[in-house]
Amino acid sequence: MVRNIQIRVSLKEEDKIGLQAKTANYLGVSEKEIEIKVLRKSIDARKPTIYFNYKLEVYINEPMPATQAYIFDYKDVSKARPVHIIGFGPAGMWAALRCLELGYKPIVLERGKDVQQRRRDLKAINQDHIVNEDSNYCFGEGGAGTYSDGKLYTRSLKRGDVRRIFESLVYHGATERILVDAHPHIGTNKLPKIVQNIRETIIKCGGEVHFNTKVTDFVIASNELKSIVINDLEEVTTQRVILATGHSARDIFYLLHKKEIALKAKSFAMGVRVEHPQHLIDSIQYHCSGERHELLPAAAYSLVHQSKGRGVYSFCMCPGGFIVPAATGPKEVVVNGMSPSKRNNDYANSGIVVEIDVSKDIPNYEKFGDLKGLEFQKHLEYLAFTSGGRTQVAPAQRLTDFVEGTLSSDLNPTSYQPGLKSAPLHSLLPKLIGSRLRAGFSEFGKKMKGYYTAEANIVGVESRTSSPVTIPRGETLEHPEIKGLFPCGEGGGYAGGIVSAAMDGERCAEAAVNGL
C-alpha cells in the first residue's frame, strides 16, 4: 500500500524522535512496516516553535521501487551535424547536453578557461586586484554559475521541466537533496566538479568544448549568419549558432550594435550588497539568542518594499557565504555573493537592489539608444572603482550610517577579500537608487527586528543582477533579422539564474536543430 501524505514535525520532534517514527505514529503502524521517500522538505520558522514540513510517499508493507523517472539518452554525435554554441554557462551547457540527446554535435566556444585554470584568475582578482577580462567570476567554464552559491530556485515554471534540470545535475554529481529541498543549492565548492562532469559527458559523446576561444565577429550575408570569427584570426562556417554569452558579455552587445543587428534596452536592477554576521540573521529568523540548533541551516531571508513606484528587494541572498569581486574589465568594481555547500561562513550577505525602468529612469543616457542601461551600469561600476581607491577594494559604509547620511569612521569585518574602504555611498549613488535603498533598509528593519544595525556593512556596487539588453527573438527562438542566430539565456534577456538559463538552453537547442 502506498500513501502520499504531508506531515509537520517540530524541531524538538525532529531532534528526539525522527521522521520515521513520527510518520509511523501518524499512520498508526510500526516503523518496520514502512519505507519513506521524501518528496519535499521545507522549514517554517515564522513562529518561535520551528517546524519541518514534509511531503512524503510512504510504502506500507511493500518495498520502495527502484525506478528512475528521467533517463538521459546521450548519443554518439561524433559524425553528426554541428550546432555551434557560444558560451559555456548554464544555458550553453544544457543546450549542448540537449543536442546530444537530439543527435546533433555541439561545438562549444568558450572565451574563458576551464574550471581548474580559472581558479588562478580568481586568486589574482582577490589578492592582486588583477582582472582578466576573459577569465573571472563571470567568464570561464560554467559561467557565472560555477563559482556561485548554486541556488536553484526559479519562478520560470512554465518555461520547461525544472525537475529534469535537477535530475540532470544529480546525474552529473549533485547531491540528491536538491530534489527535495524547498530552496535547493549546491555550493561553490561542489559546482566545479559537476561542471567538469558535464564537459566530460559532451566530449565522450563526440561533442567539442573549446576554451580560450572568443568570438570576435559575425559574418552575415543576406540576413543569414554564415560564419563566426574566433580570436580575430580564424573564420568558422556555421549553420546554427546558439548565443549563450551571459549578461556580462558587453563586447557581444557592442558588436551586434555596431553591425546594426536589432537589440532592445531592458529594465534591470542595481544596488548594493549588505553583509551581516550570520549569527545575527539566525537569531532574527529562528527566534534564538544563542547558537542555532545543529539541525537548522544558516538562516536566509527574502525582503521586498515599494518605494516611489519602484521595487526594492533582496537578491541572491547567501547565508553563511562571502562577497566576491565580479568585475569583468578594468576600472570597474562589481560585487556578488556566494556560499559553500555547508553555508558555514561567519557572514550572511544579500544584494539589495532597486528596479530601474530604462524607459523613464535614466533620461541622460538616451543618447546611447538600446545600450543606455549598459552604459548606466558602467557608470556606477566606475564610480565604485574610483571611490574604492582604483583597485578591487570596494566602497562601503555601515548600514545605519548609509541610511542616516553619515560617513563611517570605521567598518565592520568583512568576507570580501580585496578589502573595503569607507565611502559616502549615501551621496555617491544616484538619488534614483540611493533614496530608495535608504527607505527600503528602514522598512526591512521593521520587518526583521535587528536587521537594521551598525553591525552590518553595505558594499557597492551590485550591478549585474541581469542583462540590461535584450537580443530579440521570434516564436521560433531565432533572431527576427538574422537567420541561424538563436539568442539564449541571461545574455539574451531570457533567464535569471542557473535553472531558468538551463531550461532556455534546452529550448534553444530544440529550436536550432529544427529543420537542420
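Residue positions within a chain follow its written sequence, with the count starting from 1. Owing to the predicted nature of the model, reporting of local features is limited to residues with pLDDT of at least 70; listing and counting of side-chain atom pairs is limited to 80 or more, with chain, interface and lining totals taken over all residues. No hydrogens and no water enter the side-chain calculation; it runs on all heavy atoms of the structure.

**Student:** Honestly, the packing of helix α7 (residues 250-258) against helix α9 (residues 372-388) in this entry has me stumped. Any pointers?
**Tutor:** To characterise two packed helices, one gives the angle between the axes of the helices and the distance between these axes. Under this scheme, a helix contributes an axis fitted over its contacting stretch, all axes are lines through C-alpha atoms, and angles between N-to-C directions fall in the 0 to 180 degree range. Helix and strand labels come from DSSP, where a helix needs a run of H or I of at least four residues and a strand needs a run of E of at least two; each type is numbered from the N terminus. Where α7 contacts α9, the two axes come as close as 12 Å, and the packing angle between them is 140°. The handedness of the crossing between α7 and α9 is left-handed. In this structure, α7 contributes Arg 250, Phe 253 and Tyr 254 to the contact, and α9 contributes Leu 374, Glu 375, Gln 377, Lys 378 and Glu 381. Asp, Glu, Lys and Arg are counted as charged, while Ala, Val, Leu, Ile, Met, Phe, Trp, Tyr, Cys and Pro are counted as nonpolar; the rest, among them Gly, fall into the polar class. For the contact of α7 with α9, the residue count by class is 3 nonpolar, 1 polar and 4 charged. Should the near helix be turned counterclockwise from the far one by less than a right angle, the crossing is left-handed, whereas a clockwise turn marks it as right-handed. Contact criterion: two residues are considered in contact whenever any of their non-hydrogen atoms come within 4.5 Å of each other.

**Student:** Please clarify how α7 should be interpreted in this entry.
**Tutor:** Every α-helical turn comprises 3.6 residues, leaving residues that sit three or four positions apart pointing alike. For α7, the set of buried residues is Arg 250, Ile 252, Phe 253, Leu 255 and Leu 256. In the stretch just after α7, Glu 260 is the one whose phi turns positive, near 60°. Each residue is assigned to one of three classes by its accessible area relative to the maximum for its type, calculated with a 1.4 Å probe on protein chains only: buried under 20%, partly exposed between the two thresholds, exposed over 50%.

**Student:** Looking at this structure, how should I read empty space enclosed by the protein?
**Tutor:** The rule is simple: put a 1 Å grid over the protein atoms alone, call a set of points where a 1.4 Å probe fits but cannot get out a cavity, call an open set with protein on both sides within 12 Å along at least five of seven lines a pocket, and count a residue as lining if it has an atom within 4 Å of a point. Grid points are joined across faces, edges and corners, and a volume is the space filled by probe spheres set on the points. Taken as a whole, this structure holds 2 cavities of 30 Å³ or more when the rule is applied. By volume, the largest cavity is sized at about 90 Å³. What lines the largest cavity is a set of 14 residues, and nearest its centre among them are Met 93, Trp 94, Leu 191, Val 195 and Ile 498. Taken together, the elements giving at least two residues each to the lining of the largest cavity come down to α3 (90-102) and α6 (191-204). At 4 residues, α6 tops the list of elements feeding residues into the lining of the largest cavity. Taken together, the residues of the lining of the largest cavity break down into 11 nonpolar, 3 polar and no charged. Taken as a whole, the second largest cavity encloses approximately 30 Å³ of empty space. For the lining of the second largest cavity, the secondary-structure elements that each account for two or more residues are α9 and α11 (425-428). Top contributing element to the lining of the second largest cavity by residue count: α9, with 3 residues.

**Student:** What should I look at first to understand the sheet that holds strand β9 (residues 234-237) in this one?
**Tutor:** Either a parallel or an antiparallel arrangement is found when strands of a sheet pair, and the pairing is made through backbone hydrogen bonds. Pairing between strands is defined by DSSP: at least two bridges between the two strands are required. Read from one edge to the other, the open sheet built from 3 strands follows the order β7-β8-β9, with strand pairing classed as antiparallel. The outermost strands of the open sheet, each flanked by one partner alone, are β7 (215-221) and β9. The sheet shows a mean angle of 30° between the axes of neighbouring strands, taken without regard to direction. Here strand β8 (residues 224-230) pairs with β9 via 4 bridges, running antiparallel. Looking across to β9, one finds that Ile 230 is bridged to Glu 234.

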